[in-house]
Amino acid sequence: MREADIMSEALRELIDIAGRHARGRRTTTAIPRVSIGRSEVATPPMAEVWGAGILFVLQGAKTVLIGDRTLRYNPASYFIYTVDTPTISQLVAATAKHPYLAIGFTLDLQAVAALLVEHEPALGGDSFSTSPVNEDLLDALRRIMRLLDRPAEIPVLAAALEREMLFRLLQGPQGAKLRQLARADGHLSRIGQAIAWIRTHCHQPVRVSDLAEIAHMSNAAFYRHFKAATAMSPIQYQKQIRLLEARQLLAAQPGNVASIAFAVGYESASQFSREYARQFGSPPARDAARLLAAGEVAVEVI
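Residues numbered from 1 in each chain as written. Predicted model: local features only at pLDDT ≥ 70, side-chain atom pairs only at ≥ 80, totals over all residues. Heavy atoms only, no water.

## Examining the overall build of the protein
Link 1 in the chain: If you tally the helices and strands in the protein, you get twelve helices and ten strands.
Link 2 in the chain: Relative to the 2.2 N^0.38 estimate, which gives 19 Å for 302 residues, the radius of gyration of the protein is 20 Å and therefore close to what a compact globule would have.
Link 3 in the chain: For the protein, contacts bridging at least 24 residues in sequence account for 72% of all contacts bridging at least 6.
Link 4 in the chain: Accessible surface computed for the protein: about 13,700 Å², of which carbon and sulfur atoms make up 53%.
Link 5 in the chain: Mean positive and mean negative side-chain charge positions of the protein (33 and 29 charges, respectively) differ by 5 Å. (Helix = DSSP H or I, 4+ residues; strand = E, 2+ residues; numbered from the N terminus. Rg over C-alpha atoms; globule rule 2.2 N^0.38 Å. Contact = heavy atoms within 4.5 Å. Areas by Shrake-Rupley, 256 points an atom, 1.4 Å probe, with all protein chains shown as cover. Lys, Arg positive; Asp, Glu negative; His and termini not counted. Charge placed at Lys NZ, Arg CZ, Asp CG, Glu CD.)

This is the structure we're talking about:
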């Protein structure tokens with residue numbers, strides 16, 4: 001059987017498994033760190049923060065805006081997120097007959113680090129482009145997802161199959177990102193420490209020099225590596241985190257715009273409203289009302 005036929009067969013089986021086990025827009029499965037996304041309709045742009053993980057799109061199409069870069073997921077493609085990443089996602093191809101289907105994996109960095117003792121990953125390419133799955137990676141993913149039909153085998157086999165999938169990823173075009181993330185002294189790990197500080201202290205003023213000190217880098221090196229990891233500057237990153245937190249607060253407290261602006265660290269309610277509208281396409285109160293009416297606040301599709 002030709003490689004293309006083998007891949008088509010594996011992809012069809014994955015689509016069948018994911019479709020049968022999806023429960024709503026986002027489903028947490030019995031397999032550790034694995035979730036399924038499903039939608040029968042295209043969506044408007046929606047904002048959230050993706051943690052370190054892998055997104056495989058099986059069917060349909062999705063675009064993701066990260067800073068000044070846009071990812072395009074077509075069927076049988078994937079992307080590795082290495083740090084907490086503010087994103088604006090939109091499903092652009094999804095119908096009742098051919099729903100959008102995706103599988104998300106939260107990264108187990110200890111498992112990646114253990115593999116690095118034995119295997120050197122391939123050299124990486126562009127940090128901000130999706131990659132097509134190959135036959136070996138697709139087969140590993142298929143065997144993991146088959147466990148959903150044999151749940152008694154999950155405690156015995158899931159870890160070993162996940163290890164194989166991570167090995168295939170390390171050998172692929174995004175393998176170098178995994179290596180940097182898993183190494184305690186790697187620049188991605190140190191950028192992650194600075195990002196954790198921003199997220200915890202996002203309401204406070206931030207100086208690049210303080211973040212560079214947290215990451216144990218010079219100012220210039222920190223700025224360069226931060227932009228490479230997130231496609232935005234540290235100040236832009238903090239702004240997006242503030243606006244995303246404000247959006248969640250507005251959903252719970254609609255109409256309380258000024259106090260929420262100050263709560264997330266803005267000194268000017270008018271500046272907050274301008275930046276919010278620029279980010280989300282509508283002023284704060286109108287956007288919150290739309291989200292509540294549409295039921296879109298907490299259920300984004302992976």
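Past the structure itself, the notes keep going.
## Side note on the sheet that holds strand E3 (residues 46-50)
Link 1 in the chain: With respect to topology, four strands assemble into an open sheet ordered E3-E8-E5-E6, the strand pairing being antiparallel. Every other strand in the sheet has two partners, leaving E3 and strand E6 (69-73) as the edge strands with one partner each. Taken pair by pair, the neighbouring strands of this sheet meet at an average axis angle of 30°, ignoring direction.
Link 2 in the chain: Inspection of the sheet shows strand E5 (residues 61-66) paired to E6 by five bridges, in the antiparallel sense. The residue of E6 that forms the bridge with Ile66 is Arg69.
Link 3 in the chain: Its contacts with the sheet place helix H9 (residues 234-252) against E3 and strand E8 (85-93), and it is angled at close to 115° to E3. (Pairing = 2+ DSSP bridges. Axes fitted to C-alpha atoms, helices over the stretch in contact; angles between N-to-C directions.)

## Remarks on the pairing of strand E2 (residues 34-39)
Link 1 in the chain: The element E2 is largely enclosed, with a buried count of five among its six residues.
Link 2 in the chain: Summarising the sheet, strand E1 (residues 26-28) and E2 pair through three bridges and their orientation is antiparallel. The residue bridging Arg26 from the neighbouring strand is Gly37, located in E2.
Link 3 in the chain: In this structure, the hairpin formed by E1 and E2 is closed by a connection of five residues, where Arg33 is found at a positive phi of approximately 70°.
Link 4 in the chain: Where E2 lies against strand E9 (residues 100-106), six bridges are found, and the strand directions are antiparallel. Bridging across to E9, Ile36 finds its partner in Ile103. (Buried < 20%, exposed > 50% of the residue type's maximum accessible area, 1.4 Å probe, protein only.)

## Remarks on the nonpolar core
Link 1 in the chain: Among the nonpolar cores identified, the biggest contains 78 residues, and Ile54, Phe56, Met165 and Leu169 are the most heavily contacted of them.
Link 2 in the chain: Sort the elements by how many residues they give to this core and helix H4 (residues 154-170) lands first, with seven residues.
Link 3 in the chain: In this view, Leu169 contacts Ile54, Phe56, Tyr78, Ile80, Leu137, Gln174, Gly175 and Leu178; residues no more than four positions away in its chain are not counted.
Link 4 in the chain: Listed in part, the 15 residues of the second largest apolar core include Leu243, Leu244, Ile260 and Ala261. (Core = buried A, V, L, I, M, F, W, Y, C linked by side-chain atoms within 4.5 Å.)

## Concerning the UniProt feature "domain: HTH araC/xylS-type" (unreviewed entry) in the protein
Link 1 in the chain: UniProt's entry tags residues 192-290 with the feature "domain: HTH araC/xylS-type" (unreviewed entry), counted in the numbering of this structure.
Link 2 in the chain: Structurally, residues 192-290 is divided into 74% helix and 0% strand, and its ends, taken at the C-alpha atoms, are 33 Å apart. (UniProt positions renumbered as here; feature names shortened; annotations may be inferred.)

## Quick notes on helix H11 (residues 269-280)
Link 1 in the chain: The end-to-end C-alpha distance of H11, which contains twelve residues, comes to 16 Å, matching closely the 16 Å that a straight helix rising 1.5 Å per residue would cover.
Link 2 in the chain: Within H11, burial applies to Phe272, Glu275, Tyr276 and Phe280. Each buried residue of H11 lies within a common arc of 110° when the element is viewed along its axis, so the set occupies one face.
Link 3 in the chain: Note on H11: the residue one or two positions beyond its end, Gly281, has a positive phi of about 90°. (Expected span 1.5 Å × (residues − 1). Arc of directions from axis to C-beta.)

## Section: the pattern of salt bridges
Link 1 in the chain: Evaluated as defined, the whole model comprises 19 salt bridges.
Link 2 in the chain: A salt bridge links Arg26 to Glu48; the shortest N-O distance between them is 3.3 Å. Separated by 22 residues along the polypeptide, Arg26 in strand E1 and Glu48 in strand E3 bring together distant segments of the chain.
Link 3 in the chain: What makes Glu48 buried here is its relative accessible area of 15%.
Link 4 in the chain: Measuring nitrogen to oxygen at the nearest pair gives 3.7 Å for the salt bridge that ties Lys239 to Glu275. Of the two residues, Lys239 is situated in helix H9 and Glu275 in helix H11; the sequence distance between them amounts to 36 residues.
Link 5 in the chain: A relative accessible area of 32% places Lys239 in the partly exposed class.
Link 6 in the chain: Looking at Glu275, the relative accessible area reads 11%, which means it is buried.
Link 7 in the chain: Salt bridges sharing common partners tie together Glu13, Asp136, Asp139, Arg142, Arg143, Arg146, Glu164 and Arg168. (Salt bridge = Lys/Arg side-chain N within 4 Å of Asp/Glu carboxyl O.)

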